[in-house]
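Read off the chains here:
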Amino acid sequence: MSTTQTTTTNWFFACKTSDVPTNGGVCVKYKDEQIALFYFSRRDEWYATQNLCPHRRQMALSRGMTGTVKDEPKVACPFHKKTFSLADGRCISDETECSLTVYPVKIIDDLVYIGVDTLFAAI
Ligand code: FES
């Protein structure tokens, strides 16, 4: 399975790989944060972002529609369809300044870990 290459040092166990729907997302909680975790089965790639949509501050991105645009993985918020890159979190549906925090993901023995160094930095 693919894993995001990173120098992350703080990983937390999120769930089993079987807990995440194929080509879909789930919401996992880390302390007070909600993280949207996605699995793209065709590409065998994992992504994690904040679950909070920055547009109208809805906890909704894990329920968003996933897909690709020009081979870039994306998620569309279910509320107003703003679309974000899962690779770097930028909004790709319009010119707005809102973007997502993204987190590295690694898989070890069918267990999913999310790197939360940026959350530690914010605390
Ligand atoms: S709340 Fe997500 S696009 Fe508006």
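Residues numbered from 1 in each chain as written. Predicted model: local features only at pLDDT ≥ 70, side-chain atom pairs only at ≥ 80, totals over all residues. Heavy atoms only, no water.

What about the sheet that holds strand E3 (residues 33-40)?
The 4 strands lie next to each other as E2-E3-E4-E10, forming an open sheet whose pairing is antiparallel. The sheet terminates laterally at strand E2 (24-30) and strand E10 (102-103), the two strands that pair on one side only. Pairing analysis gives 7 bridges linking E2 to E3, with the strands arranged antiparallel. Its bridge partner being in E3, Val-26 is matched across the sheet by Leu-37. (Pairing = 2+ DSSP bridges. Helix = DSSP H or I, 4+ residues; strand = E, 2+ residues; numbered from the N terminus.)

What about the state of the cysteines?
Applying the stated criterion across every chain yields a total of 0 disulfides. You can see Cys-15 has no disulfide; the closest cysteine sulfur is in Cys-27, sitting 11 Å from it. In this structure Cys-91 is not part of a disulfide, and its nearest cysteine sulfur, from Cys-98, lies 4.5 Å away. (Disulfide = S-S within 2.5 Å.)

Some thoughts on the packing of aromatic side chains
Applying the stated criterion to the full structure yields 4 aromatic pairs. Centroid distance Phe-40 to Tyr-47: 5.8 Å. Interplanar angle 80°. Geometry classified as edge-to-face. Considered together, Phe-40 and Tyr-47 belong to a single accessibility category, that of buried residues. (Phe/Tyr/Trp six-rings, centres within 6.5 Å; stacked < 30°, edge-to-face > 60°. Buried < 20%, exposed > 50% of the residue type's maximum accessible area, 1.4 Å probe, protein only.)

Side note on the sheet that holds strand E11 (residues 105-108)
In space, the 3 strands of this open sheet follow the order E1-E12-E11, with antiparallel pairing throughout. The sheet is open, and its two edges are formed by strand E1 (11-16) and E11, each paired on a single side. Going across the sheet, the axis of each strand differs from the next one's by a mean of 30°, ignoring polarity. The pairing of E1 with strand E12 (residues 111-115) spans 5 bridges and is classified as antiparallel. (Axes fitted to C-alpha atoms, helices over the stretch in contact; angles between N-to-C directions.)

Focus on the side chain of Thr-83
Note on placement: Thr-83 falls in strand E9 (residues 83-85). Reaching out from Thr-83, the side chain makes a polar contact with the backbone oxygen of Lys-81 at a distance of 3.2 Å. Beyond its immediate stretch of four places on either side in the chain, Thr-83 contacts Lys-74, Val-75, Ala-76, Arg-90, Cys-91, Ile-92 and Ser-93. (Polar contact = N/O pair within 3.5 Å; in protein donor to acceptor, adjacent residues only side chain to side chain. Contact = heavy atoms within 4.5 Å.)

Focus on the pattern of salt bridges
According to the stated counting rule, one finds 5 salt bridges in the structure shown. Its salt-bridge partner being Glu-45, residue Arg-43 comes within 2.9 Å of it at the nearest N-O pair. Glu-45 shares its class with Arg-43; the two are buried. For Arg-90, the salt bridge identified is with Glu-72, shortest N-O distance 2.7 Å. Linking Arg-90 in the loop between E9 and E10 with Glu-72 in strand E8 (residues 72-76), this pair joins segments that are 18 residues apart in sequence. Owing to a relative accessible area of 37%, Arg-90 belongs among the partly exposed residues under this scheme. (Salt bridge = Lys/Arg side-chain N within 4 Å of Asp/Glu carboxyl O.)

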